[in-house]
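Here is what each chain is made of, one letter per residue.
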Amino acid sequence: MNTITHALLPVIAAGLIERVNKGEKRNGIFSNREILLLGIFGAGPDLLNPHLSLVARYTSWSHGLPFWAGLTLVMLVVSLFMRKKFPPGMAIWFSAAYLLHQVCDFIAGGVAWMYPWERGVVGDYYVPPQYWAWIDAGCVLLVYSYLRILPHFNRKRFHGSQDTKM
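Below is a summary of the structure that appears in this document. (Residues numbered from 1 in each chain as written. Predicted model: local features only at pLDDT ≥ 70, side-chain atom pairs only at ≥ 80, totals over all residues. Heavy atoms only, no water.)

1. Overview of the overall build of the protein
Across its full length, the protein holds six helices and zero strands. Shown N-terminal to C-terminal, the secondary structure of the protein runs as helices and strands in the order α-α-α-α-α-α. Looking at the 166 residues of the protein, the share that counts as buried comes to 36%. The contacts in the protein between residues at least 6 apart in sequence include a share of 63% that link residues at least 24 apart. Summed over its atoms, the accessible surface of the protein is roughly 10,200 Å², and 68% of this surface lies on carbon and sulfur atoms. (Helix = DSSP H or I, 4+ residues; strand = E, 2+ residues; numbered from the N terminus. Buried < 20%, exposed > 50% of the residue type's maximum accessible area, 1.4 Å probe, protein only. Contact = heavy atoms within 4.5 Å. Areas by Shrake-Rupley, 256 points an atom, 1.4 Å probe, with all protein chains shown as cover.)

The structure is reproduced here in structure tokens:
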């Protein structure tokens, strides 16, 4: 899948969780900064080691479980010492966003999860490339509606319409 989808899927997941936990309000569990960081971590493997071919993905150190496990361990340790600025819950969300990228790659051509120790590829094109642009567009529309359209309608619903006709 494309990097846009990788970045936006964790943001969509966070938006869904936020809506379930906080009702219809936008500002609750995640700050805007945390939403941005979720997107960055979702795109992380491609940002850390960009690739243009499937073979390059299979030999990418950033697309393997060993790097993900190390990154997760570092984030959890840092979060234990910086609980106020970086709570362990956010470290888990960032780790999950990074792992979600790898799961998406698993269903979009496969991934060598144990690289560099093992080069065996798991996964396949369960989601064919001709659908990737449509998935990107759907993700963009969902995130736009989450960040821009839904809050607008929620303000009107909770505060009444601002239009006053005489």
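2. What to know about the packing of aromatic side chains
Using the criterion set out here, one finds eight aromatic pairs in the structure. Judged by centre distance (4.7 Å) and plane angle (0 degrees), the ring pair of phenylalanine 41 and phenylalanine 94 falls under stacked. Residue phenylalanine 41 is located in helix 2 (residues 32–48), and its partner phenylalanine 94 is located in helix 5 (residues 88–106); the two are separated by 53 residues in the primary sequence. Assessed through its relative accessible area of 19%, phenylalanine 41 is described here as buried. When the ring of tryptophan 61 is compared with that of phenylalanine 67, the centres are 4.9 Å apart and the planes differ by 75 degrees; the resulting orientation is edge-to-face. Judged by relative accessible area, tryptophan 61 falls into the partly exposed class, the value being 40%. Among the aromatic residues, those joined into a cluster by ring pairs are Phe41, Phe86 and Phe94. (Phe/Tyr/Trp six-rings, centres within 6.5 Å; stacked < 30°, edge-to-face > 60°.)

3. Quick word on the pattern of salt bridges
Here the idea is simple: oppositely charged side chains can pair when their charged atoms come close. One pass over the structure, following the stated rule, counts one salt bridge. Where aspartate 105 meets arginine 57, a salt bridge forms, and the shortest distance between an N and an O atom there is 3.8 Å. Of the two residues, aspartate 105 is situated in helix 5 and arginine 57 in helix 3 (residues 54–58); the sequence distance between them amounts to 48 residues. (Salt bridge = Lys/Arg side-chain N within 4 Å of Asp/Glu carboxyl O.)

4. Looking at the side chain of threonine 5
Locating threonine 5 in the fold gives a position in helix 1 (residues 3–22). In contact with threonine 5, other than residues within four places in its own chain, are Trp132, Ile135, Asp136 and Cys139.

5. Things to note about the side chain of aspartate 46
Mapped onto the elements of the fold, aspartate 46 is located in helix 2. Despite its burial, aspartate 46 remains without a salt bridge, the nearest opposite charge being carried by arginine 57 at 6.1 Å. In this structure the side chain of aspartate 46 is engaged in a polar contact, spanning 3.0 Å, whose partner is the side chain of histidine 63. A distance of 3.3 Å separates polar atoms of two side chains, one belonging to aspartate 46 and the other to histidine 101. Setting aside anything within four residues of it in sequence, one finds aspartate 46 in contact with Thr3, His6, His51, His63 and His101. (Lys, Arg positive; Asp, Glu negative; His and termini not counted. Polar contact = N/O pair within 3.5 Å; in protein donor to acceptor, adjacent residues only side chain to side chain.)

6. Observations concerning the packing of helix 2 against helix 5
Contact geometry for helix 2 and helix 5: axes closest at 8 Å, N-to-C directions at 40 degrees. Here helix 2 is positioned oblique relative to helix 5, judged by the angle of their axes. At the point where helix 2 passes helix 5, the crossing takes the right-handed sense. Contacts between helix 2 and helix 5 involve Glu34, Leu37, Leu38, Phe41, Gly42, Ala43, Gly44, Pro45, Asp46 and Leu48 from the first element and Met90, Trp93, Phe94, Ala97, Tyr98 and His101 from the second. Partitioned by chemical class, the residues of the contact of helix 2 with helix 5 number 11 nonpolar, three polar and two charged. (Axes fitted to C-alpha atoms, helices over the stretch in contact; angles between N-to-C directions. Parallel < 35°, antiparallel > 145°, perpendicular 65-115°, else oblique. Left-handed = near helix turned anticlockwise from the far one by under 90°. Nonpolar A, V, L, I, M, F, W, Y, C, P; charged D, E, K, R; others polar.)

7. Here's the deal with the packing of helix 4 (residues 65–81) against helix 5
Between helix 4 and helix 5, whose axes approach to 8 Å, the crossing angle comes to 165 degrees. Classified by the angle their axes make, helix 4 and helix 5 are roughly antiparallel. Where helix 4 crosses over helix 5, the two elements pack in a sense that is right-handed. Every residue of helix 5 that contacts helix 4 at Leu65, Phe67, Trp68, Leu71, Thr72, Met75, Leu76, Ser79 and Leu80 is listed here: Pro88, Ala91, Ile92, Phe94, Ser95, Tyr98, Leu99 and Gln102. Split into classes, the residues belonging to the contact of helix 4 with helix 5 amount to 13 nonpolar, four polar and no charged.

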